[in-house]
Amino acid sequence: MKIMTSKGFLYFICAVSAMGGLLFGYDWVVIGGAKPFYEQYFGIAQSPVMQGVAMTTALVGCLVGAMVAGAAADKYGRRPLLQMAAVLFTVSAIGTGLFNNFTLFNIARFVGGIGIGLASALAPMYIAEVSPANIRGRMVSLNQMTIVLGILAAQLINMMLAQDTTVAESQQWNVAWGWRWMFWAETVPAALFLTMSFFIPESPRWQVLNQQTDKARKTFARMGGSDYADSEINNVMQTAACHNANEQGGLGLLFSKPFVPILVLGIVVAVFQQWCGTNGIFNYAEEVFKSAGYNTNDMFFQIVLTGIVNVVFTIVALYAVERLGRRSLMLIGACGLFMIYTALGACYFFNAPGVCVVVLVLMAIACYAMSLAPVTWVLLAEIFPNRVRGIAMAVCTFALWAGCCTFTFSFPLLHDTLHAHGQFWLYAVICLSGFIYFLRRCPETKGKSLEELEREVKN
């Protein structure tokens, strides 16, 4: 059946949901530009452990947000959790820039991390549940598009706010106020996200599973007409009816025999996206580019370059995900990063010119942006059955942020221990391992409805 969607309505509700991704991207990366200045303000510039704590606090909050997202979303719906994330982003943005105490600074970052954990689990799940199968990959990738726009916005604002570090007065302003305004700038999109979230419907698939069929029919009908609404509701109800009456829901069902292999795949995909190494370039750009011989002023320019490349190749991913498929892009990403990191490590080892490092870093960002970054969220939103999608997304998102937390905390320690060349060679080995795993285990989900995928898993 060819689906005639109301693209305006569909794009609107997906774009509003994906604003959680924009705030996720901004909040996650803004700290990288603020890092040189708040470290001086709090007196932790010479302490790798305290630096790791400051960079990791929000990620611990992500774990908490991801932990509660699944059960809360299944009980209360997807939309209220997105609204809660918007409130937490706003509170965190104000508090992080306001506090003069390092402990309070980290508490504010922790609150924002809870918002990231909620948004990162709920936004792709919501988009997958409202989108037709033929464009679902592209629509879920829209969430990644807003993430990279948030990243680029943070990078541009950081560069514009950071004054010339070669002038003493400017450096004093950066340390006293510059880093604060980098965090405060987030309050504008956070307030917009909260306002717009009241104009989107609840997930119609969640409504069907919670005896709100009439409301779900209205939402489906606005997207594709009455016939499409009836077809989608029947599919959801049929797959729900396939479960035994005494079959345990939630974690009990998720960890039952039929679903364990797909849960393992989801966890591996989630953790690999973090430990493939590319996120270190965003969070620790100062170390990456200074190791290549660039000063702080040049560093901000190089960071913005990575953000622009990130956006451009995420746009490529919006089209590639439906044409090449999910499995192919995961393989391309893992293999491509293996080769790039091998070369990047060699550049550091042999003291190659800094421009070589910049080119390879941009290649790594491009490869990641068109493959692993968006496809991870697409796969996680697609592969789990309707009945356990909320709790499964929570488990996998928790695993993703656990991977991000350990990666972020370990990055400066590995940098000091292995140096830049050894660190990127380690990430190359991880990428090669991921390629081998995906070659053997990753299925293709392109073009299949969520209910078709559920039946395949059950069989």
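Residues numbered from 1 in each chain as written. Predicted model: local features only at pLDDT ≥ 70, side-chain atom pairs only at ≥ 80, totals over all residues. Heavy atoms only, no water.

1. Considerations on unusual backbone geometry
No. 1: Phi angles above zero are rare outside glycine, and Gln211 is one such case at about 55°.
No. 2: By relative accessible area, Gln211 is classed as exposed at 69%.
No. 3: With a phi angle near 55°, Asn351 is a residue other than glycine that sits in the positive phi range.
No. 4: Of note, Asn351 is situated in the loop between helix 16 (326-349) and helix 17 (354-369). (Buried < 20%, exposed > 50% of the residue type's maximum accessible area, 1.4 Å probe, protein only. Helix = DSSP H or I, 4+ residues; strand = E, 2+ residues; numbered from the N terminus.)

2. Observations concerning empty space enclosed by the protein
No. 1: For the structure on display, the rule yields 3 cavities of 30 Å³ or more.
No. 2: Counted as a void, the largest cavity has a volume near 120 Å³.
No. 3: Counting only elements with at least two residues in the lining of the largest cavity, the list comes to helix 1 (7-42), helix 5 (136-161), helix 12 (260-275), helix 13 (279-283), helix 18 (372-382) and helix 19 (389-441).
No. 4: In terms of residue class, the lining of the largest cavity is made up of 12 nonpolar, 5 polar and no charged. (1 Å grid on protein atoms, 1.4 Å probe; cavity = no way out; pocket = protein on both sides within 12 Å on 5 of 7 lines; lining within 4 Å. Points joined across faces, edges and corners; volume = space filled by probe spheres on them. Nonpolar A, V, L, I, M, F, W, Y, C, P; charged D, E, K, R; others polar.)

3. With respect to the confidence of the model for the protein chain
No. 1: In the predicted model, the protein chain carries a mean pLDDT of 84, and 88% of its residues have values of at least 70.
No. 2: Mean pLDDT values over the elements of the protein chain span from 65, in helix 14 (residues 285-290), up to 94, in helix 16.
No. 3: In this model residues 244-248 is a low-confidence stretch, pLDDT under 50, and it forms 5 contacts with partners more than four residues away in sequence or in other chains. (pLDDT = per-residue confidence, 0-100. Contact = heavy atoms within 4.5 Å.)

4. Quick word on a nonpolar patch on the surface
No. 1: A cluster of nonpolar side chains, contributed by Val49, Met50, Phe409 and Leu413, occupies part of the molecular surface with about 300 Å² of accessible area.
No. 2: Contributions of two or more residues to the nonpolar patch are made by helix 2 (48-76) and helix 19.
No. 3: As for its placement among the helices and strands, Met50 is situated in helix 2. (Patch = residues over 30% accessible without salt bridge, like charges linked within 9 Å, V, L, I, M, F, W, Y side chains within 5 Å. Areas by Shrake-Rupley, 256 points an atom, 1.4 Å probe, with all protein chains shown as cover. Salt bridge = Lys/Arg side-chain N within 4 Å of Asp/Glu carboxyl O.)

5. Here we look at the packing of aromatic side chains
No. 1: Applying the stated criterion to the full structure yields 28 aromatic pairs.
No. 2: Grouped by ring-pair contacts, the aromatic residues Tyr38, Tyr41, Phe42, Phe102, Phe105, Trp179 and Phe183 constitute a single cluster.
No. 3: The ring of Trp177 has Arg180 lying over it, and the distance from NZ or CZ to the ring centre is 5.6 Å.
No. 4: Seen from the ring of Phe9, Arg222 lies directly overhead, with NZ or CZ sitting 3.8 Å from the centre. (Phe/Tyr/Trp six-rings, centres within 6.5 Å; stacked < 30°, edge-to-face > 60°. Lys NZ or Arg CZ within 6 Å of the ring centre and 35° of its normal.)

6. With respect to the nonpolar core
No. 1: Grouped together as the largest cluster of nonpolar side chains are 137 residues, with contacts concentrated most on Tyr38, Leu337, Tyr341 and Trp401.
No. 2: Discounting residues that sit within four places of it in the chain, Leu337 has contacts with Cys276, Thr278, Ala364, Cys367, Tyr368, Leu372 and Cys431.
No. 3: In terms of nonpolar packing, the next biggest core, distinct from the first, is built from 5 residues, Met145, Val148, Leu152 and Leu318 among them. (Core = buried A, V, L, I, M, F, W, Y, C linked by side-chain atoms within 4.5 Å.)

7. What about the pattern of salt bridges?
No. 1: Throughout the structure, instances matching the rule amount to 10 salt bridges.
No. 2: Among the ionic pairs, Arg78 bridges to Asp74, the shortest N-O distance being 3.2 Å.
No. 3: By relative accessible area, Arg78 is classed as buried at 2%.
No. 4: Residue classification places Asp74 among the partly exposed residues on the basis of a relative accessible area of 25%.
No. 5: Arg78 is the partner of Glu129 in a salt bridge, and the nearest nitrogen-oxygen pair spans 2.7 Å.

8. Considering the side chain of Arg180
No. 1: Along the polypeptide, Arg180 turns up in helix 6 (residues 168-184).
No. 2: Among buried charged residues, Arg180 stands out as having no salt bridge; its nearest opposite-charge side chain is Glu186, 14 Å away.
No. 3: A polar contact is formed between the side chain of Arg180 and the backbone oxygen of Gly97, at a distance of 2.8 Å.
No. 4: Aside from chain neighbours lying at most four places away, what touches Arg180 is Tyr41, Gly97, Leu98, Phe99 and Asn100. (Lys, Arg positive; Asp, Glu negative; His and termini not counted. Polar contact = N/O pair within 3.5 Å; in protein donor to acceptor, adjacent residues only side chain to side chain.)

9. Here's the deal with the packing of helix 1 against helix 3 (residues 78-98)
No. 1: The interhelical angle for the contact between helix 1 and helix 3, taken along N-to-C directions, is 30°, at an axis separation of 10 Å. Put simply, helix 1 runs roughly parallel to helix 3. Viewed along their axes, helix 1 and helix 3 form a crossing whose handedness is left-handed. On helix 3, the residues that touch Ser17, Gly20, Leu23, Phe24 and Asp27 of helix 1 are Leu82, Phe89 and Ser92.
No. 2: Taken together, the residues of the contact of helix 1 with helix 3 sort by class into 4 nonpolar, 3 polar and 1 charged. (Axes fitted to C-alpha atoms, helices over the stretch in contact; angles between N-to-C directions. Parallel < 35°, antiparallel > 145°, perpendicular 65-115°, else oblique. Left-handed = near helix turned anticlockwise from the far one by under 90°.)

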